[in-house]
Amino acid sequence: MSRAKRLMKELQAVRDDPAANITLEFISESDIHRLKGSFLGPPETPYQGGRFIIDIEVPMEYPFKPPKMKFDTKVYHPNISSVTGAICLDILKNAWSPVITLKSALISLQALLQSPEPNDPQDAEVAQHYLRDKESFSKTAALWTRLYASSNGGSGAPVEKEVDEARLYGIDPNLVKEFESQGFDKVKIVEVLRRLGIKSLDPTDNATINRIVEELLK
Amino acid sequence: MTDLESDDSLLLEFEDDDSESISNIDAPTDSKATHLDSDFANIPPHNVDTDDSEFDIDESQFSEDDLEDDYLVFPIKKTTKDLLDEDSLPSLKYECLTTQEIFDSMKRRVHHLQPVFSLPPQDILILMQRYDWNEERLLEEWTEKMDNLLIESGLNTSGESDGRGVKNGKEFFCPICCEEILTETFSLECGHEYCIDCYRHYIKDRLNHGKIITCMDCSLALKNEDIDQIMGGASSVKLMDSSIKSFIRKHSNSYKWCPYTDCKCIIHLKDTLSLQEYSRLHASRFVTCSMGHSFCFGCGFEIHAPADCRVTDQWVKKARLECENLNWVLSHTKECPRCSVNIEKNGGCNHMVCSSCRHEFCWICGGDWAPHGSSFYQCAIYKNEDKNKLVADTPKKTLRRYAFFYKMFTEHEVSAKLDWKLGETVGFKVKGLQEKIGVSWIEGQFLTESLKTLNEGRTALKWSFAVAYYSDPSHNLTKIFIDNQGLLSNAVESLSELLQIKSPEVIMKRRTEFYNKAGYVKNRTKALLECGRDLLRKGISKARE
Ligand SMILES: [Zn+2]
Ligand SMILES: [Zn+2]
Ligand SMILES: [Zn+2]
Ligand SMILES: [Zn+2]
Ligand SMILES: [Zn+2]
Ligand SMILES: [Zn+2]
Ligand SMILES: [Zn+2]
């Protein structure tokens, strides 16, 4: 089967290029459908210092149909779902060509971390954060990288024992405290602020405060 | 082959029971004929009690002499389209096409455009695809940025065609399948070379996407001749087909597929502006494909006049929602209410005569036929038992009311389907006329036309129950509408009965009756449609959730 031959060739090519710092392996030797790949977060981005693990499913028609890829590592990025790890990238859909390899696809994902496309978002909440306040977005993305993608921590296992929910979504902790002092539940406050896309607030902006309270009272 | 066989057998059958059928049919029809004659032979009676109806048709136009002349010289030829193109509505200009026809006309355009581009036709075809077959936009951008346009469209601008094409078998390592074998290869001028198998796989996967297929590694476009050369056959036809299909999808305002199963027709509406006028008037824009399928251009549903698209949509949704509450079996057989013998419905006629006890009853309500046969068709009226009590609609009562209209609707639907079956035998009847009595084909067409008229009448009747359901029952116009339903019901039943006659001699003898009854159905249909549209226009009938 040509698909097996091609995949073996692709794995060899990854091994032959250690400088790229990319890994690509079958999950089990008996199943050539499923692989795991990984790459490093690009330098000078909030993803620097993290290793991102990608789940790969190779269809029967590969390489004429694109592989299915998603992030196993939780990542805060406009084009990647913060919940499921699903990726919005054209080469994995209609722009796929048989000359693209798993390695080049992983490099494209690395490049996606470098340059987000907030106008074609996969995660609307994150994309909004990115467009409204890039600096705050970067802080959150860097926090997620530290929490979920640091090489020592590995995927899914947070380094810090307890992560503050507000901080996790880039919300100003003082804002949450403010509403907590009014007697609202913290989980609910974070939920509402996330839904409304509010990360911080000018204390004189009464219209927004009223809107938040209205939502909290629902 | 099978067609011929069935033809023969049916013809034989026809001949076989001919002598029998005359006696068989003549006996009952004799009595029936007088009954029908009294009602209809000399044009419908004028004293129908819908006196104040503005929708009553001018029946004086139906003097028998006129009819004979008109219909003999021009056999009833009006199509559904004509019938529905009321004076107040702009006529729809449309054509029926196939993807091949659309593609052929595109090719003619390409031929036309060649002097402008001075490129080979294949290249212009690529440019047209890139611009979704939008010639104006292509020409506009062509004058602005020729060279860029060529590059963007994947056309080789170097002027050389070196290296393009299938190459003879050789030992080759293909980077796609990673095989190293003796194989033919293909590449474009870019030199990106792959084995022929991979190229075939690649193209096959993309033929249905309707987009330009490029080299696997760069943006150079494969032309139709490349595709055919690689695939070894006329595969580019498939690509053009899918490209035209995507063109139709993108222009769904003016292009629509015929919704009938397996029909490959596309209706191209030439003046989309008139559509707005149609919705304003609560009329629907019905079109007929070249296979004779009629449908609504607005909603893709069958012809649903007098209902407009909104009423149709609501009605269909409601039927789907209520179908579990509505427990009617739409069987083709019913028990005789008197002797319980099973009787199969013959054609769409609702006038049932029990084969065993000769009891005459109505298929819809099961009641005696006698009151139905008079000028007023009882069954079209919903008898509200609580008429005198002015209580608010309870859900149960609402459902019962809906159930009545739904039952009427489906009964007419079943009747229409049975009439359609009847139609299959009409063809043989026409043949019989030709062979037995030497009637010319064109003269025999009155049978076909009568059947068509019958179908149009049934369809209008069927959908009129959707309009009636949503109508304010207390309004006078609603009452007039119901009267009109009754009149059309009668007309349709009577024409349907006439079409059951099998003997060619009897058919020819009663030919005038066919003309008259068909003409009457046509006029009653028109009146009902106009009245229904008026109900909608005046907001007396309004579709609700
Ligand atoms: Zn190959
Ligand atoms: Zn190329
Ligand atoms: Zn059709
Ligand atoms: Zn419609
Ligand atoms: Zn009986
Ligand atoms: Zn009845
Ligand atoms: Zn009926």
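Residues numbered from 1 in each chain as written. Chains lettered and ligands numbered in written order. Predicted model: local features only at pLDDT ≥ 70, side-chain atom pairs only at ≥ 80, totals over all residues. Heavy atoms only, no water.

An unreviewed UniProt entry annotates chain B as RBR-type E3 ubiquitin transferase originating from Zygosaccharomyces rouxii. The annotation that UniProt attaches to chain B under Catalytic activity (unreviewed entry) is "[E2 ubiquitin-conjugating enzyme]-S-ubiquitinyl-L-cysteine + [acceptor protein]-L-lysine = [E2 ubiquitin-conjugating enzyme]-L-cysteine + [acceptor protein]-N(6)-ubiquitinyl-L-lysine." (UniProt positions renumbered as here; feature names shortened; annotations may be inferred.)

Per an unreviewed UniProt entry, chain A goes by the name Ubiquitin-conjugating enzyme E2 1 and belongs to Zygosaccharomyces rouxii. Heading Sequence similarities (unreviewed entry) of the UniProt record for chain A holds this comment: "Belongs to the ubiquitin-conjugating enzyme family."

J.: I'd love a proper account of the overall build of chain A, names of residues and values included.
T.: On a plain count of helices and strands, chain A comes out with 8 helices and 4 strands. Going through the 218 residues of chain A one by one, you find that 45% of them count as buried. Once local pairs closer than 6 in sequence are excluded, the contacts in chain A between residues at least 24 apart make up 55%. On chain A, roughly 11,100 Å² of surface is accessible, and the fraction owed to carbon and sulfur atoms is 52%. (Helix = DSSP H or I, 4+ residues; strand = E, 2+ residues; numbered from the N terminus. Buried < 20%, exposed > 50% of the residue type's maximum accessible area, 1.4 Å probe, protein only. Contact = heavy atoms within 4.5 Å. Areas by Shrake-Rupley, 256 points an atom, 1.4 Å probe, with all protein chains shown as cover.)

J.: Describe the interface of chain B and chain A, with residues and values.
T.: Listed by partner, the interface residues are 15 residues for chain B and 12 residues for chain A. Between chain B and chain A, a total of about 1,200 Å² is buried, with carbon and sulfur atoms accounting for 59% of that surface. The interface formed by chain B and chain A holds 2 salt bridges in total. Lys65(A) is the partner of Asp205(B) in a salt bridge, and the nearest nitrogen-oxygen pair spans 2.8 Å. Broken down by element, the side of chain B that touches chain A gets its largest block of residues, 5 residues, from helix H8 (residues 196-206) of chain B. Residues that form the side of chain B that touches chain A fall into these classes: 9 nonpolar, 1 polar and 5 charged. (Buried area = accessible area lost by both parts, 1.4 Å probe. Salt bridge = Lys/Arg side-chain N within 4 Å of Asp/Glu carboxyl O. Nonpolar A, V, L, I, M, F, W, Y, C, P; charged D, E, K, R; others polar.)

J.: How would you sum up the coordination of the zinc ion (ligand 3)? Please name residues and give values.
T.: Residue and element names in this part refer to chain B. Those protein atoms acting as donors to the zinc ion (ligand 3) are Cys258 (SG), Cys263 (SG), Cys289 (SG) and His293 (ND1), and they sit at 2.1 to 2.3 Å. Within one chain, the residues donating to the zinc ion (ligand 3) are spaced in sequence as C-x4-C-x25-C-x3-H. A residue pair is termed long-range when its members are at least 10 positions apart, and cysteine 258 in the loop between strand S5 (255-257) and strand S6 (266-269) and histidine 293 in the loop between strand S7 (286-288) and strand S8 (294-296) qualify at 35 residues. The exposure classification of cysteine 258 matches that of histidine 293, with both residues buried. (Donors = N, O, S within 2.8 Å, 3.2 Å for Na, K, Ca; no water.)

J.: Quick rundown of helix H10 (residues 236-250) of chain B? Include the residues and the values.
T.: Because the α-helix completes a turn every 3.6 residues, residues three or four places apart line up on one side. Residue and element names in this part refer to chain B. Along its 15 residues, H10 runs 21 Å from first to last C-alpha, staying within 8% of the 21 Å computed at 1.5 Å per residue. Taken as a whole, H10 has its buried residues at Ser236, Leu239, Met240, Ser242, Ser243, Ile244, Ser246, Phe247 and Ile248. Contact partners of the buried residues in H10: helix H5 (99-117), helix H6 (121-130), H8, helix H9 (224-231), S5 and S6. (Expected span 1.5 Å × (residues − 1).)

J.: Quick one: what's the story with the pattern of salt bridges, residue by residue and with numbers?
T.: Residue and element names in this part refer to chain B. Taken as a whole and judged by the stated rule, the model has 35 salt bridges over all chains. Between glutamate 302 and lysine 462 there is a salt bridge whose closest N-O contact spans 2.6 Å. One end of the pair, glutamate 302, is in the loop between S8 and helix H12 (309-322); the other, lysine 462, is in helix H15 (residues 441-469), with 160 residues separating them in the sequence. The class of glutamate 302 is partly exposed, set by a relative accessible area of 27%. Using a relative accessible area of 4% as the deciding quantity, one classes lysine 462 as buried.

J.: Go over the packing of H15(B) against helix H16 (residues 476-498) of chain B, please, and point to the residues and values.
T.: Residues and elements named next belong to chain B. One way to put it is that H15 packs onto H16 with a least axis distance of 10 Å and a crossing angle of 150°. One element, H15, and the other, H16, form an angle in the roughly antiparallel class. Of the two elements, H15 crosses H16, and the hand of that crossing is left-handed. Between H15 and H16, the contacting residues are Ser450, Leu454, Gly457, Arg458, Ala460, Leu461, Ser464, Phe465, Val467 and Ala468 on the first element and Phe481, Gln485, Leu488, Ser489, Val492, Glu493, Leu495 and Ser496 on the second. Of the residues in the contact of H15 with H16, the class split is 10 nonpolar, 6 polar and 2 charged. (Axes fitted to C-alpha atoms, helices over the stretch in contact; angles between N-to-C directions. Parallel < 35°, antiparallel > 145°, perpendicular 65-115°, else oblique. Left-handed = near helix turned anticlockwise from the far one by under 90°.)

J.: Now, about the UniProt feature "active site" (unreviewed entry) in chain A: what can you tell me, with residues and values included?
T.: Under the UniProt annotation, "active site" (unreviewed entry) lies at Cys88(A). For Cys88(A), the location among the structural elements is in the loop between strand S4 (68-71) and helix H2 (102-114).

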